[in-house]
Amino acid sequence: LMNVNPKKKKISFNLIDVALIVIALAAISVLVFVFNNKNVVNPKGKENVKIEYTVTLSPVREEYMNLVKVGDKVLNTAIMENCGEVISVSNSDYYYTGVNSDTGESVSTLYPGMKTIVIKIRATATKTAYGYSVNGFDLVIGEDVSIRVPDFTGTGKCTSVSELGK
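Right, let's walk through the structure included here. Keep in mind it's a predicted model, so treat the numbers as computed, not measured. (Residues numbered from 1 in each chain as written. Predicted model: local features only at pLDDT ≥ 70, side-chain atom pairs only at ≥ 80, totals over all residues. Heavy atoms only, no water.)

Some words on the pattern of salt bridges
- On inspection of all chains with the given rule, the structure shows seven salt bridges.
- Close ionic contact of Asp-151 with Lys-69 constitutes a salt bridge, the shortest N to O distance being 3.2 Å. Remark: Lys-69 occurs in the loop between strand 1 (48–61) and strand 2 (73–76) and Asp-151 occurs in the loop between strand 7 (144–149) and strand 8 (152–163); sequence separation between them is 82 residues.
- Note on Asp-151: relative accessible area 47%, which makes it partly exposed.
- The closest approach of N and O atoms between Lys-157 and Asp-144, which form a salt bridge, is 2.8 Å. Placement of the pair is Lys-157 in strand 8 and Asp-144 in strand 7, with a sequence separation of 13 residues.
- Taking the relative accessible area as the measure of exposure, Asp-144 reaches 43% and is therefore partly exposed. (Salt bridge = Lys/Arg side-chain N within 4 Å of Asp/Glu carboxyl O. Helix = DSSP H or I, 4+ residues; strand = E, 2+ residues; numbered from the N terminus. Buried < 20%, exposed > 50% of the residue type's maximum accessible area, 1.4 Å probe, protein only.)

Below, the structure written as structure tokens:
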């Protein structure tokens, strides 16, 4: 015959369960603090400064090299915020760097139809403990910067950041 009243399991907590819950809550609290405070400002407080930074886009098709102009307002497409004004634009030939399979040495070859575009941008930034932030976007040398000007959109590397004198 079947038992009509099966035994119900009782939920019980012991000291180890409580300790694990406390550790998990502490870990979550630390993570929340770290991610909410990644732009901790320097001890002086939020200080706005004028900066110039350089974005290098490479390779870019040759027909696009004249689409970025001095005076263009620059939009950072990652955060959809203004991130300064173009103060200079230069371009140079693009060289593809590869490895010679026979010798193993590095070889650079001119890549026809492609250019390297270097855009210098002036902006107002907030000084942070880690460098500079333009409208909430942290400028980090070597990291990608996605930009848009009226006639061009592209992604390049931040290659320099410098604070202007007061």
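Still more to cover.
A few points about the packing of aromatic side chains
- Following the criterion strictly, the structure yields two aromatic pairs and no others.
- With a centroid separation of 6.4 Å and an interplanar angle of 55°, the aromatic rings of Tyr-64 and Phe-152 are classed as tilted. Here Tyr-64 is found in the loop between strand 1 and strand 2, whereas its partner Phe-152 is found in strand 8, with 88 residues between them in sequence.
- Since its relative accessible area comes to 34%, Tyr-64 is described here as partly exposed.
- We classify Phe-152 as buried; its relative accessible area is 9%.
- With centroids separated by 5.8 Å and ring planes inclined at 55°, the aromatic side chains of Tyr-94 and Tyr-111 adopt a geometry described as tilted. Of this pair, Tyr-94 sits in strand 3 (residues 81–99) while Tyr-111 sits in strand 4 (residues 106–128), and the two are 17 residues apart along the sequence.
- A relative accessible area of 15% places Tyr-94 in the buried class.
- The class of Tyr-111 is partly exposed, set by a relative accessible area of 41%. (Phe/Tyr/Trp six-rings, centres within 6.5 Å; stacked < 30°, edge-to-face > 60°.)

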